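# Commentary on secondary and tertiary structure
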Amino acid sequence: ESASGGGAAMCSGGTLSILRSDSYAELSQYRDQHFRGTRYDQERLLRKSCTLYVGNLSFYTTEEQIHELFSKSGDIKKVIMGLDKVKKTACGFCFVEYYTRGDAENAMRFINGTRLDDRIIRTDWDAGFKEGRQYGRGRSGGQVRDEYRQDYDAGRGGYGKIVQCQ
Amino acid sequence: MSRRRHSDDSDAGQPHKRRRTSEPSEIEERLESLICRVGEKSNSSLESNLEGLAGVLEADLPNYKSKILRILCTVARLLPEKLTVYTTLVGLLNARNYNFGGEFVEAMIRQLKECLKVNMYNEAVHLVRFLSDLVNCHVIAAPSMVAMFENFVSVTQEEDVPQVRCDWYMFAFLSSLPWVGKELYEKKDAEMDRLLSQTESYLKRRQKIHVPMLQVWTADKPHPQEEVSKLYYLDCLWSQIQKLKKDRWQERHILRPYLAFDSILCEALQHNLPPFTPPPHTEDSVYPMPRVIFRMFDYTDDPEGPVMPGSHSVERFVIEENLHCIIKSHWKERKTCAAQLLSYPGNNKIPLNYHIVEVIFAELFQLPSPPHIEVMYTTLLIELCKLQPGSLPQVLAQATEMLYMRLDTMNTTCVDRFINWFSHHLSNFQFRWSWEDWSDCLTQDLEKPKPKFVREVLEKCMRLSYHQRIIDIVPASFSVLSPANPVCIYKYGDESNRSLPGYTVALCLTIAIKNKASNDEIFNILKDVPNPNQDDDDDEGFTFNPLKIEVFVQTLLHLAAKSFSHSFSALAKFHEVFKTLAESDEGKLHVLRVVYEVWKNHPQMIAVLVDKMIRTQIVDCAAVANWIFSSELAHDFTRFYIWEILHSTIRKMNKHVLKIHKELEETKARLARQHKRRDSDDDDDDDDRSSDREDGPLEEQIERLQEKVESAQSEQKNLFLVIFQRFIMLLTEHLVRCETGGIDVFTPWYKSCIERLQQIFLQHHQIIQQYMVTLENLLFTAELDHHILAVFQQFCALQA
């Protein structure tokens, strides 16, 4: 192997894997169990999605607040608030769709894990909004996590549903 | 027994088989990892790690030489913060294998030429610095390095080349001197003296009129020339090099692992750099934008800790360069980035937290744009606070206080960024701040920079929370600066307004919309609205009727006021009505006016509605520009949200042009591929005919797209012309009024307006460059007031 063959390719394309690291923008382990399609389909959609799921919101956090915060990584196409299936009120999650994947990636890198309404919010890739996915999947109408949690969370209706029913 | 032997040295068990079955990419990965991570997480010293690695690589040279060359070249280009670690490594390899050293130098020169050809100037500087440090490692002979620098400096003698080209070559020379100045001066003092004197005369004669445009802080009265030029990155570096020379090139900050290997390295044979001619300037050459050095701290700011190197010391330069490089390497990984910054070597000899905060703000406030997306810096600072909770928050608070103190002379664009950063930062810390410390701003005119800043910060804080929260977090005395409650203003809301023209139609509309009326039904109701402008209306009512627009838009927006989503649905549902009412330019302008009247308490809502209306083509970008400069908005003209809207509008226009252009290129590529396929196929008669038919639609598409591109580009140019024209009109009015009234031109409004004009030039400079001839001949002519013309001239000087 001669050294001369490396010349042109060295500059334009070459990078180092330690500089390619982009862990915040990677897919998480979570896969939506209600997704219709194969695991492969789901992952393909997740890898090109411009939509993020946002969790651990306060029930009182408004679309306007979400819009303001998430606009910091790019122009927002749409915000869809998560709703209690029974009460049709906010139940602590939402979807944020951007026009470009790059903007969504920046949200994953710099907005995920920071605070909104004094709460650390969590973002994750979503395969894309479909009608019906704006509703909580817990038995009581809210999110599943609010069914079973034991702690008191003033921003999420107080105690978990199971505790409330005791 | 044989089994045991195999399991004992499992790696070497079946060495040949293993080598053959290992993927080449695996080996490359392993080599890359070894090289990139040398010294990390090791109990042994860096020097001993380097020695070990040199041994491993030397053994791998027979089989993996080109891979190793590639990795080392890439590391030289992309990890400048570890420059001396890798020059030491190359030095050790050269001492063991002279030929390899020679091949490495050749590869580096090739890479340097490539970088310069493709305008990768920042990376080229790293390569030049690497080469110069190789002199210290006895890989490159000092005289040949001096010769290369002589060629760099002689670029300043070239005629008819942009100044930014000469600046770069000068920078590449000067910025290597902290590393290699001593060695070069020892070997070739006469030549170096000549180079330094040529440098001095170049810096004296170059023009600096564009510098004020890039400064974070300006004075009300222009600085004396010397002071201004010191801030320019090149002049700043020059004074640092001058001081270094005075100190006999003693430089104590840079870590130099090669010193430990001096006895080995000085036995090595050196290579001569081949003569290097800087590639000539071409039309496609794009040199780095001029930069201004940002400093906020000096040695008085951390009285307890280690002393901060002075602004004229070369240590300051090296520290800043390295910290900037760390951010560049790891900006996507905020935890890594914060950790790497905090583990910068020498952090007990320098006030590292202060350097880090200063470098981060330097990037955040950089003009025209920060190197990375703004929100990254907010999150990075939060990570740093998490890692150093006992010290960093205090430095940050100190920095905030200093920035607040200097608001009067801070560039408007930088104030925008300060507002965005501070409000977002506070929202992560429960909005805790010692507002009373800033009570001085309460006694000032609300248009002055300090109260203005506080108002804008509180407004942004409210957007991230809610109105009552803001009332709660500030002292009562600050209520004059608190944002308005973001409620909708509906002019037909009260019974007392029933005498207003259109009131009954508004009521009618309200009921209809609540009953899910269609667009046609709405048109029907609106037919009854008289046109205050004209005596006769045509039957369809398609001419501009401001009252129709008012009644419809007021009522609809009021009904949809509950949330953004409600408003967006309303715009979508009644899109047809909107399009019809806003068909004319006056119609578009009036729609925007009414939106403002309804939502003037809620700037965020105005912004999202304008965005939606542009995207759904209810209004166009030029209408938004005209609206922003209209007299109705004069009261809000200096408010931050107005400029957010204008820049967002320009960005949408720019993206639109790029998108259609991309479509055109893609379609052209498809046609080319189609031709290629046809040419390479064995044709029979049928294919000839069908391929003509295939071409047809694509060629038509290309023609249509071509038209679309031209029309979009023309719309884009028109948008900028409208904006510049309105600025000129507004500023001229002000200047004339001041002149005839005998009052000082430099009011807070004027400063804000002039800097907003500069902001347009800077933020969109690449696109505006296309219009230089038109701007020069049509708008920024010699008859213009010199205050306004100066902005244009400064802009021209940027890439001159």
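Residues numbered from 1 in each chain as written. Chains lettered and ligands numbered in written order. Predicted model: local features only at pLDDT ≥ 70, side-chain atom pairs only at ≥ 80, totals over all residues. Heavy atoms only, no water.

## A closer look at the overall build of chain A
Looking only at helices and strands, chain A has seven helices and eight strands in total. Computed over its C-alpha atoms, the radius of gyration of chain A comes to 20 Å, more than 25% above the 15 Å expected for a compact globule of 166 residues. If one aligns the C-alpha atoms of chain A with their principal axes, the spans along those axes are about 75 × 35 × 30 Å. Counting over 166 residues, chain A shows a buried share of 54%. Pairs at least 24 residues apart make up 62% of the contacts formed inside chain A by residues separated by at least 6 positions. (Helix = DSSP H or I, 4+ residues; strand = E, 2+ residues; numbered from the N terminus. Rg over C-alpha atoms; globule rule 2.2 N^0.38 Å. Buried < 20%, exposed > 50% of the residue type's maximum accessible area, 1.4 Å probe, protein only. Contact = heavy atoms within 4.5 Å.)

## Notes on empty space enclosed by the protein
Residue and element names in this part refer to chain B. This structure, assessed with the given rule, holds two cavities of 30 Å³ or more. Surrounding the largest cavity, 19 residues form its lining, Thr412, Val415, Pro449, Lys452 and Ser752 being those nearest its centre. Counting residues per element, the lining of the largest cavity draws most heavily on helix α34 (residues 748-763), which supplies five residues. For the lining of the largest cavity, the class distribution of residues is nine nonpolar, three polar and seven charged. Split by domain, the residues of the lining of the largest cavity number at least three in each of domain 2 (330-481) and domain 3 (649-675 + 697-797). Space inside the second largest cavity adds up to approximately 50 Å³. Lining the second largest cavity are Ala76, Pro80, Leu83, His126, Arg129, Trp179, Glu321, Asn322 and Cys325. Those elements giving two or more residues to the lining of the second largest cavity turn out to be α7 (121-136) and α16 (314-330). (1 Å grid on protein atoms, 1.4 Å probe; cavity = no way out; pocket = protein on both sides within 12 Å on 5 of 7 lines; lining within 4 Å. Points joined across faces, edges and corners; volume = space filled by probe spheres on them. Nonpolar A, V, L, I, M, F, W, Y, C, P; charged D, E, K, R; others polar. Domains from an automatic or database assignment.)

## Concerning the interface of chain A and chain B
Between chain A and chain B, the residue contacts involve 44 residues of the former and 54 residues of the latter. Summing the contributions of chain A and of chain B, the shared interface buries around 4400 Å²; its carbon and sulfur component is 52%. One salt bridge connects Lys655 of chain B with Asp75 of chain A, and the closest N-O pair in it is separated by 3.9 Å. Scanning the region where chain A abuts chain B turns up 19 residue pairs in polar contact (both at pLDDT 80 or more). (Buried area = accessible area lost by both parts, 1.4 Å probe. Salt bridge = Lys/Arg side-chain N within 4 Å of Asp/Glu carboxyl O. Polar contact = N/O pair within 3.5 Å; in protein donor to acceptor, adjacent residues only side chain to side chain.)

## Here's the deal with the packing of aromatic side chains
Under the defined criterion, the tally for this structure stands at 56 aromatic pairs over all chains. With a centroid separation of 6.2 Å and an interplanar angle of 45°, the aromatic rings of Phe418 of chain B and Phe422 of chain B are classed as tilted. Within this pair, Phe418 of chain B and its partner Phe422 of chain B are both found in helix α21 (residues 412-427), separated by four residues, close to a single helical turn. No difference in accessibility class separates Phe418 of chain B from Phe422 of chain B, as the two residues are buried. Seen from the ring of Trp125 of chain A, Arg101 of chain A lies directly overhead, with NZ or CZ sitting 3.6 Å from the centre. A cation sits over an aromatic face here: Lys460 of chain B above Phe640 of chain B, 4.9 Å from the ring centre. (Phe/Tyr/Trp six-rings, centres within 6.5 Å; stacked < 30°, edge-to-face > 60°. Lys NZ or Arg CZ within 6 Å of the ring centre and 35° of its normal.)

## What about the sheet that holds strand β2 (residues 76-83) of chain A?
Residues and elements named next belong to chain A. Spatially, the four strands line up as an open sheet ordered β2-β3-β1-β6, and their pairing is antiparallel. The sheet is open, and its two borders are formed by β2 and β6 (122-126), each paired with just one other strand. The mean angle between the axes of side-by-side strands here comes to 25°, regardless of whether they run parallel or antiparallel. As defined by bridge partners, strand β1 (residues 51-55) adjoins β6 across five bridges and the pair is classed as antiparallel. When the sheet's bridge partners are listed, Leu52 is paired in β6 with Trp125. Each of β1, β2, β3 (90-98) and β6 is contacted by helix α4 (residues 63-70), which is oriented at about 140° to β2, the strand it contacts most. (Pairing = 2+ DSSP bridges. Axes fitted to C-alpha atoms, helices over the stretch in contact; angles between N-to-C directions.)

## Describing the pairing of β1 of chain A
Among the five residues of β1 of chain A, five are classified as buried, and the element is accordingly described as predominantly covered. Here β1 of chain A shows a buried face lined by Thr51, Tyr53 and Gly55 of chain A and a second buried face lined by Leu52 and Val54 of chain A.

## Observations regarding the UniProt feature "domain: RRM" (unreviewed entry) in chain A
In this numbering, the UniProt entry assigns the feature "domain: RRM" (unreviewed entry) to residues 50-128 of chain A. The straight-line gap between the two end C-alpha atoms of residues 50-128 of chain A is 8 Å; of that span, 23% is helix and 39% is strand. (UniProt positions renumbered as here; feature names shortened; annotations may be inferred.)

## Considerations on the environment of Val608 of chain B
By the element assignment, Val608 of chain B lies in helix α30 (residues 603-615). With residues near it in sequence (within four places) discarded, Val608 of chain B still touches His67 of chain A together with Phe564 and Phe568 of chain B.

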